[in-house]
Amino acid sequence: MEIGYNKLDITPTHPVRIAGYNRKEKSKGQLDPIEINSIFIKNNDKYIVISLLDSIIIEDSVIQPVKKKLKDEYGLKEENIILGCIHSHSAPAYFKPFFEDVQIEEKLQKLLIDQFCTSIMNAHSSLKELDINITQTSIDGLYGNRNVKDAYSNKDLTILEFKDNGEILHSLLFIATHPTILNGSNLYLSADLIGFIRKKYLEKFSNPCMIANGCCGDVSTRFYRESSGKDELERVSNEIIKQMNHLHKLNYSINTLKTSTVVEEYTYHGNDEFITSELTNLANKDDAASKMLYKNLKLKKERSPMTLKLTSHIIVLGDVIIVTLPGDITSPLGKMIKDAFPDYLVLTIGYCENYSNYFVCEEDYGKYFESYISRLEKGNADKFVNSIINETKRLL
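Residues numbered from 1 in each chain as written. Predicted model: local features only at pLDDT ≥ 70, side-chain atom pairs only at ≥ 80, totals over all residues. Heavy atoms only, no water.

What about the pattern of salt bridges?
This is how it is decided: The salt bridge definition used is simple: a Lys or Arg side-chain nitrogen within 4 Å of an Asp or Glu carboxyl oxygen. Where helices and strands are cited, they refer to DSSP runs of H or I of at least four residues and of E of at least two residues respectively, numbered from the N terminus. With a 1.4 Å probe rolled over the protein chains alone, any residue whose accessible area is under 20% of its type maximum counts as buried; one over 50% counts as exposed, and the rest are partly exposed.
All chains considered together, the criterion is met by 21 salt bridges. Ionic pairing is found between Lys200 and Glu234, a salt bridge with its closest N-O pair at 2.8 Å. Separated by 34 residues along the polypeptide, Lys200 in helix 3 (residues 192–205) and Glu234 in helix 4 (residues 229–243) bring together distant segments of the chain. When its relative accessible area of 23% is taken as the criterion, Glu234 is described as partly exposed. A salt bridge links Asp339 to Lys335, with the nearest nitrogen and oxygen atoms 2.7 Å apart. Of this pair, Asp339 and Lys335 both sit in helix 7 (residues 331–339), separated by four residues, roughly a single helical turn. Classification of Lys335 as partly exposed rests on a relative accessible area of 31%. In this structure, a network of salt bridges that share partners links the residues Lys7, Glu35, Asp54 and Arg198.

This is how it looks when you write it as structure tokens:
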């Protein structure tokens, strides 16, 4: 298996608008670099590219031009290129989230096209036959289900280590939590928790890493916080690194590469029972939380009908399955995919391709915050995930 990797620092050198928490002020500096991390995986004549941006979301305004340029100038197949992000709420406003009022940085957005291409082609240039070692641990006491503390969330931290003659050159980490340690009062650019883990991982293991964020739509540090701001960011990231002392090796074979893509469209009509009843229920409430939920529901109804094109990439690396998903995916949906393939190591990456907000399973729909900012009707997230499972079974 040939692997190539690139880490590209794209931190703006001037104050910029930040996407997340509806901030009005521009940035005042940086806590850690804003990056694009890219990995190029090649086996014989087959290949796949995963490139992740430090951003709250990613959209087709950049995705499609990047894929076209990589196809036209470098001959890469568009279906073999996966672009995503890590969901930091403290990165530049490259895009405007559906429920947020922020002015985007248009010049920075346009720069992303060349920056993505540079990172991906640099990863391609570094392709080398490498061994892959898989390790894993479970993160305890730092994050979990943010709606019900003891409810399910995937706390596995899995690492693919890429080795050359026993030396680890770089790594790919899989984690599943909202990286939102920093709140709306922070005006420093940051990849937040993921950025600090990357930095401390390099210090501890002496090799750079790329981090993919998984099914964490209902996962955060909410019930585990001891403070806020940079001090809490330092504490949580240090503790995660410390818990990596308990990594154990997993014996899964990575010897082949197969890929497929699922693309489906779903329309949100804005007249379902949940939105109708909740608009009535929240209309006369004066507390800030109710007002925010009412505003979100009203916006969804006003913009309906809305049709979302959902794209998922399936990568089978021997006994390892990697599934990409186009938004904030709640834990039960990730568990559905994982449970469907008990003999494989199943890894998920959220926030890939055109961002489509929250995916909530049918059983939880209407219970928690995530349903208020979902643009999928009840049951459609389950249908999409089942399509992914069926296509993965066909691919296997």
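Next comes the rest of the description.
Side note on the packing of aromatic side chains
Stated formally: For Phe, Tyr and Trp, where Trp contributes only its six-membered ring, two rings pair if their centres lie within 6.5 Å, and the inter-plane angle classes them as stacked under 30 degrees, edge-to-face over 60, or tilted in between. Over a ring means this: the NZ of a Lys or the CZ of an Arg is within 6 Å of the ring centre and within 35 degrees of the ring normal.
Counted under the stated rule, the structure contains 10 aromatic pairs. Considering the side-chain rings of Phe40 and Tyr47, the 5.5 Å spacing of their centres and the 25° angle between planes classify their relative orientation as stacked. Tyr47 shares its class with Phe40; the two are buried. With a centroid separation of 6.4 Å and an interplanar angle of 85°, the aromatic rings of Tyr266 and Phe384 are classed as edge-to-face. In this pair, Tyr266 sits in strand 15 (residues 258–268) while Phe384 sits in helix 9 (residues 380–395), placing the two residues 118 residues apart along the sequence. Given a relative accessible area of 10%, Tyr266 falls into the buried group. Judged by its relative accessible area of 0%, Phe384 is buried. Taken together, the ring pairs in this structure connect Tyr266, Phe359 and Phe384 into an aromatic cluster. It is Lys204 that lies over the ring of Phe205; its NZ or CZ is 5.5 Å from the centre. Between the NZ or CZ atom of Lys335 and the centre of the ring of Tyr152, over which it lies, the distance is 5.7 Å.

Examining helix 3
For clarity, the cut-off: An expected span of 1.5 Å times one less than the residue number is assigned to each helix. It only takes one pair of heavy atoms within 4.5 Å for two residues to be counted as in contact.
When the terminal C-alpha atoms of helix 3 are compared, their 20 Å separation across 14 residues agrees well with the 20 Å that a helix rising 1.5 Å per residue should span. Among all positions in helix 3, only Asp192, Leu193, Ile194, Gly195, Phe196, Ile197, Arg198, Lys200 and Tyr201 are buried. On its buried side, helix 3 packs onto strand 1 (2–9), strand 3 (35–43), strand 10 (156–164), strand 11 (167–175), strand 12 (209–213) and helix 4. Among the residues trailing helix 3, Ser206 stands out with phi positive, at a value near 60°.

A short note on the nonpolar core
Selection rule: Buried Ala, Val, Leu, Ile, Met, Phe, Trp, Tyr and Cys residues that are joined via side-chain atoms within 4.5 Å together make up what is termed a nonpolar core.
Within the largest apolar cluster, 80 residues are counted, with the highest numbers of intra-cluster contacts made by Leu53, Leu112, Phe116, Leu173, Ile197, Ile240 and Met244. Residues contacting Ile197, with those up to four places away along its chain left out, are Leu173, Ile175, Ile211, Ser237, Ile240, Ile241 and Met244. By size, the runner-up hydrophobic cluster in this structure holds 28 residues, among which are Ile39, Ile48, Ile82 and Leu347.

A look at the side chain of Asn145
Just so we agree on the cut-off: Polar contact criterion, stated in full: a pair of N or O atoms within 3.5 Å, where within protein one must be able to donate a hydrogen and the other to accept it, and residues adjacent in sequence count only if both atoms are side-chain atoms.
Note on placement: Asn145 falls in strand 9 (residues 144–145). The exposure class of Asn145 is buried, given its relative accessible area of 5%. In terms of polar contacts, Asn145 uses its side chain to reach the backbone amide nitrogen of Asn147, at 2.9 Å. In terms of polar contacts, Asn145 uses its side chain to reach the side chain of Asp218, at 3.5 Å. Non-local contacts of Asn145, meaning those with residues more than four positions away in its chain, are made with Ala151, Tyr152, Ser153, Asp218, Val219 and Phe223.

Topic: the pairing of strand 12
We apply this condition: DSSP calls a pair of strands paired once it identifies at least 2 bridges connecting them.
Burial analysis of strand 12 places five of its five residues in the buried class, the great majority of the element. On strand 12, burial covers both faces: Cys209, Ile211 and Asn213 on one face and Met210 and Ala212 on the other are all buried. Sheet analysis places strand 11 next to strand 12, joined by five bridges and oriented parallel. By the bridge assignment for strand 12, Phe174 is matched with Ala212.

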